[in-house]
Structure formats: structure tokens, C-alpha cells
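Fold and geometry: a report
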Amino acid sequence: MQRSRRRLFIRTIIALGLSAALLPAGRLPGKWDIQIIVEAEGRYGLEDGGERHEGSFALRIHWLGLMERDDEDFLLLHKEYNLEKWEAEERSSRGEALELLKTGDFPAHPELRVNYVIQEGDSIRFDFAVLGFKIPLALSEADSPLILPSSTGNGAGAPGRAYDRNVHGGSNLISIPLAALLKGPEVRKFPWSWNYRGWLPHQGRNLLATQSHDAIVTVSITPHEE
């Protein structure tokens, strides 16, 4: 009985060791290829009485990088970036005047910035933000940013607003267990919905501003082969 208990204790220690923050650095590969795909579809609106602006968009961004172990930390190096899909439309009405803008009329495009990866306990967390631009386009003095997907704790995508507290129906915490790095290729998907509704001061008046999007982030981690 005592020997049986000892074996059970040893097996428990081994199991915990694979998922704990004390995972031996020597058992981890030194480098991993990282692929991050961000997909989103959303809408935005701004209105005040007889003036109304409505927009919609869809995007897909593909990012490739290399992650290296650096003592107890990780370094993230950028390799490739591609905006694979960007479709947008904006409709504006001022009284009887109507204006329609298509994708080609948008002078700016969204940009994905992958900032770093950090070890937190027994997991690694990715920090990124998709940066937008001022909307609506039809309003030349527009000062409202288009809010696009951001990882948890990142304020770059939503200046002046807390992005995380408006996340619903999922999570933007992009975190992967350290133990998964031992298994070889690992693919994780992180879906969520985000929406905002509030008042925007503009030239002495308040405009009703609404924004929303559905996002899905796919992270692929593969041990790097020299």
C-alpha cells in the first residue's frame, strides 16, 4: 500500500510539472513559428437629428513571427504581415442629401500590431491591437476612432475607452498553456463580440455613437526547424 501511494504521488508531481510555471526550460524547444490570424466583421454609426452616418466593414489580417525563449522570458520577432481582406462601406445622409463610400474611397486601412508575448503563471499571453482610423469619413472634422479587435489589457485599440469591459460572448484573452508548447503544433481559436454605445461631444453638441464587431483570432504555434 505504501509503495502504491508513493507511485501515485510521483505521477501527480509529473502531471503538475507539465502544466505549472516551473516547467523545466530545458524541456522546451528554443524557437517556435507563430501565426496569428485576426478576422472581424463590424458596424459603426453616428447620428444627430437629420444627420446620420452608418458604416460596415470586414477584415482578415495574417501575421507571421518567430518566438524565442530567452531565459525565463520569450522574445517575439516579426516576419511577415498581410492584410488579406478589407471591405468597407459608409452611407451618410444630411436631410435629402445622400452619400455612399465604397472600399476604394477609404484612404486608410486597419493595421495589426503584435506587441509582445509574456509568461503569466503556467501560460503565455499575446498582446496585440488592430489600429483603426477616424470615422465617419464623410465628416471631415471627425475625431471618433474606429475601434477594432484588441487583446485583453491593451488600450491602444480604444483610446479613451476600456475595450475589455465591452467584450461579450467570448474572451479576448489570448493565452496558451506552457504545456501545449511541448506537444508540437498547437492551434487555438479565440472568438468574441464587442459593442459600444455612447455620446460623443462634437462642436458643442452630442452625437450618438455606436460601434460593434464580431472577432475571431486564430493562433498557431509550431516548433521551429532550423
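Everything that follows concerns the structure shown earlier in this document.
This report concerns the structure included in the present document. Counting from 1, residues in each chain are numbered in the order their sequence is written. Thresholds applied to this predicted model are a pLDDT of at least 70 for local features of residues and 80 or more for the giving and counting of side-chain atom pairs; totals over whole chains, interfaces and linings are not thresholded and use all residues. Each side-chain value is worked out from all heavy atoms of the structure, with water and hydrogens disregarded.

**Concerning the overall build of the protein**
Assigned secondary structure in the protein consists of 1 helix and 12 strands. Ordering the α and β elements of the protein from the N terminus gives α-β-β-β-β-β-β-β-β-β-β-β-β. Only protein chains enter the calculation, and the probe is 1.4 Å; a residue is then buried if its accessible area is under 20% of its type maximum, exposed if over 50%, and partly exposed in between. Here the protein holds 226 residues, and 42% of them are scored as buried. We call two residues in contact when some of their heavy atoms are within 4.5 Å. Once local pairs closer than 6 in sequence are excluded, the contacts in the protein between residues at least 24 apart make up 61%. Total accessible area on the protein is roughly 12400 Å²; 50% of this is exposed by carbon and sulfur atoms. Runs of H or I in DSSP of at least four residues are treated as helices and runs of E of at least two as strands, each being numbered from the N terminus. What sets the accessible areas is the Shrake-Rupley method with a 1.4 Å probe; for residues, cover comes only from the shown protein chains.

**Observations regarding the side chain of S92**
Assignment of secondary structure puts S92 in strand β3 (residues 73–94). Owing to a relative accessible area of 4%, S92 belongs among the buried residues under this scheme. A 3.5 Å cut-off defines polar contacts: any pair of N or O atoms within that distance qualifies, except that in protein one atom must be a possible hydrogen donor and the other a possible acceptor, and neighbouring residues in sequence count only when both atoms are side-chain atoms. For S92, the side chain forms a polar contact with the side chain of H53, separated by 2.7 Å. The residues contacting S92, other than those within four sequence positions of it, are R52, H53, A97, L98, E99 and A138.

**Considering the pattern of salt bridges**
What counts as a salt bridge is simple: a side-chain nitrogen of Lys or Arg found within 4 Å of a carboxyl oxygen of Asp or Glu. This model, assessed by the stated rule, comprises 12 salt bridges. E111 is paired through a salt bridge with R113; the nearest N and O atoms lie 3.5 Å apart. Salt bridges sharing partners connect three or more residues here, namely E39, R60 and E84.

**Structural notes on the pairing of strand β6 (residues 123–131)**
Of all 9 residues in β6, 9 are buried; the element is thus mostly enclosed. Here β6 shows a buried face lined by S123, R125, D127, A129 and L131 and a second buried face lined by I124, F126, F128 and V130. Pairing between strands is defined by DSSP: at least two bridges between them are needed. Sheet analysis places strand β5 (residues 111–120) next to β6, joined by 9 bridges and oriented antiparallel. Paired with V114 across the strands is F128, a residue of β6.

**Notes on unusual backbone geometry**
Residue P136 follows I135 across a cis peptide bond; omega there is -5°. The residue P136 is located in the loop between β7 (134–135) and β8 (144–145) in this model.

**Observations concerning the sheet that holds β5**
What links the strands of a sheet is backbone hydrogen bonding, and the strands pair in either a parallel or an antiparallel sense. If you walk across this open sheet you meet the 3 strands as β5-β6-β10, and the pairing is antiparallel. Looking at which strands have only one partner, the edges of the open sheet turn out to be β5 and β10 (175–177). Along the sheet, successive strands turn relative to each other by an average axial angle of 20°, direction set aside. Only the stretch in contact is used when a helix axis is fitted, and all axes are lines through C-alpha atoms; the angle between N-to-C directions ranges over 0 to 180 degrees.

**Comments concerning the packing of aromatic side chains**
Centre distance within 6.5 Å is the pairing criterion for rings of Phe, Tyr and Trp, where only the six-membered ring of Trp is used; planes under 30 degrees apart are then read as stacked, over 60 as edge-to-face, and the remainder as tilted. For the structure shown, the criterion picks out 6 aromatic pairs. For the ring pair Y163 and W194, a centre distance of 5.2 Å and an interplane angle of 5° mean the geometry is stacked. Of this pair, Y163 sits in the loop between β8 and β9 (167–168) while W194 sits in strand β11 (residues 186–202); the two residues are 31 residues apart in sequence, bridging distant segments of the chain. Each member of the pair, Y163 as well as W194, carries the same accessibility label: buried.

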